[in-house]
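# An overview of the molecular structure
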Amino acid sequence: MNSLLAAGDGGGLHFPAIESLLEWPGFLFEGNTFLELNKVGLIYLWAMVAPLVIFTLAIRKSSLVPRGIQTVAESSVDFVRENIVMQTMGPDGMKFMPFLLSLFFFIFFANITEVIPFIQFPANSRMAAPAFLAILVWVVFNAVGIKSQGFFSYFKNTIIPPGVPGALLPLVAVIEFVSTFLVRPFSLAVRLFANMLAGHLLLVTFAVLCENLWAKNILVSIIWAPFIVLIGLTGFEILVAFLQAFIFTILTAVYIGGALHPEH
Amino acid sequence: MIDLLAQADNALDGLKAVGAGLGYGLAAIGPGVGIGLVVGNAITAMARQPESAGMVRTTMFLGIAFTEALALIGFVVFILLNFA
């Protein structure tokens, strides 16, 4: 097995350092702290522009019977409305639909570059944007709660769940406070970030295995397991990219819905 | 003396690697069982009442997301110990 894994140059299996997988040098406005652009920033720009283009095209050529790109736009809006907004907030959550839809598309397009050939990097596997999005969601659901329930009753409803016996109240209040205001944004950011990082590392691992086998013998690389697993994992990562965008959006909807209607 | 220090350094690196591996493995046990429970019960519910499948599926993904977070934090600790 070891001789099989040894690369063509006889150096054995080299796994690239993690820095070279995740850190990209800037190529535009180098040295400028605010404007410097690297691959990650470019992917975020694409994630911002792609939904804009899709929806602009869909609106410009709209007809009663949707065709082409209008079908894509309409079915995705329908998906977010039926599966996310209606399931978690009901009809009066419809005013958050634009926010949730843009969140969903931004995350999805930043994730899906993971499996697009020659890009192959999920921008959300850097912590910055997931952390920013989580803080944004934290601000939004707190603002919605304060606006719809008032400052003090929002905090009272949040940290004191109904029907708790008096002796347990201090403990429960502390747990609820920590889980609502500290753990929620943290787990939201870490979930997206770690899923994409893990997927990227998994794909890189099997691609490195394939490449080393390729250097050894082209036939071995095609019939041997890593290549098949790599194809399977690519399909799996498309699912994960979609699922993480879905989960991030639906958790946002659940948090906003919880702030909108207190439990009784 | 330098030799001893180098050896201690090596041992520390080794311990870090062992800790990272064990940490991730241990962190994955609970969420693994938990996701199994969540999905298994969701399938039971869907099989009993196919008309409620949509609602059950949404709730199932929520449950998976909450359960999975622990394993992912374990993975982040693994990355930090190994590479940071």
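Residues numbered from 1 in each chain as written. Chains lettered and ligands numbered in written order. Predicted model: local features only at pLDDT ≥ 70, side-chain atom pairs only at ≥ 80, totals over all residues.

So, on to the overall build of chain B. A count of helical and extended segments in chain B gives two helices and zero strands. In terms of overall dimensions, chain B is more spread out than a globule: its C-alpha atoms have a radius of gyration of 20 Å, far above the 12 Å expected for 84 residues. Across chain B, contacts joining residues at least 24 apart in sequence account for 79% of those joining residues at least 6 apart. (Helix = DSSP H or I, 4+ residues; strand = E, 2+ residues; numbered from the N terminus. Rg over C-alpha atoms; globule rule 2.2 N^0.38 Å. Contact = placed C-beta atoms within 7 Å.)

Attention now moves to the overall build of chain A. Check the secondary structure of chain A and you find 10 helices and zero strands. Reading the secondary structure of chain A in the N-to-C direction produces α-α-α-α-α-α-α-α-α-α. Relative to its length of 264 residues, chain A is extended, with a C-alpha radius of gyration of 23 Å against a globular reference of 18 Å. By its C-alpha atoms, chain A is 70 × 60 × 40 Å across when sized along the principal axes. When each of the 264 residues of chain A is scored for burial, the buried share is 30%. If you take every contact in chain A between residues at least 6 apart in sequence, the share linking residues at least 24 apart comes to 62%. (Buried ≥ 20, exposed ≤ 12 C-beta atoms within 10 Å, placed from the backbone.)

Tallying the contact residues gives 14 residues for chain A and 12 residues for chain B. Among the elements that take part in the side of chain A that touches chain B, helix α8 (residues 169-216) of chain A stands out by supplying six residues, more than any other. Class assignment of the residues belonging to the side of chain A that touches chain B gives a composition of nine nonpolar, four polar and one charged. (Nonpolar A, V, L, I, M, F, W, Y, C, P; charged D, E, K, R; others polar.)

Once that is clear, we can look at unusual backbone geometry. All names here are of chain A. In this structure, F118 takes a positive phi of about 75 degrees despite not being glycine. Its place among the elements puts F118 in the loop between α5 (97-112) and α6 (128-149). Of the residues examined, F118 has 5 C-beta atoms within 10 Å and is grouped as exposed. The residue Q120 is not glycine, and still its phi comes out positive at about 45 degrees. Within the secondary structure, Q120 is located in the loop between α5 and α6.

L100, F104, I107 and A110 of chain A are the most contacted members of the largest nonpolar core, which has 54 residues in total. Put simply, the parts of the chain that give this core at least two residues each are α3 (39-60), α4 (69-88), α5, α6, α8 and α10 (225-260) of chain A together with α2 (53-83) of chain B. A total of 13 residues in this core trace back to one element, the largest contributor, which is α10 of chain A. (Core = buried A, V, L, I, M, F, W, Y, C linked by C-beta atoms within 7 Å.)

Turning our eyes to something else, we now look at the packing of α4 of chain A against α10 of chain A. All names here are of chain A. One way to put it is that α4 packs onto α10 with a least axis distance of 9 Å and a crossing angle of 25 degrees. With respect to α10, the axis of α4 lies roughly parallel. In this structure, α4 crosses over α10, and the sense of that crossing is right-handed. Between α4 and α10, the residues in contact are I84, V85 and T88 and T249, I250, A253, V254 and G257, respectively. Among the residues making up the contact of α4 with α10, the classes are represented as five nonpolar, three polar and no charged. (Axes fitted to C-alpha atoms, helices over the stretch in contact; angles between N-to-C directions. Parallel < 35°, antiparallel > 145°, perpendicular 65-115°, else oblique. Left-handed = near helix turned anticlockwise from the far one by under 90°.)

Residue and element names in this part refer to chain A. With respect to the helices and strands, G93 occurs in the loop between α4 and α5. For G93, a count of 20 C-beta atoms within 10 Å gives the class buried. For G93, the contacting residues outside a window of four places in its chain are V85, T88, A253, G257 and L260.

Quick look at the confidence of the model for chain A now. Put simply, chain A has an average pLDDT of 86, and 93% of its residues get 70 or more. Note on residues 1-10 of chain A: pLDDT under 50 across the span, and 11 contacts to partners over four residues away in sequence or across chains. (pLDDT = per-residue confidence, 0-100.)

What follows is about the confidence of the model for chain B. Of the residues in chain B, 98% have a pLDDT of 70 or more, and the chain-wide mean is 87. Here the predicted complex scores 0.87 on pTM and 0.78 on ipTM.

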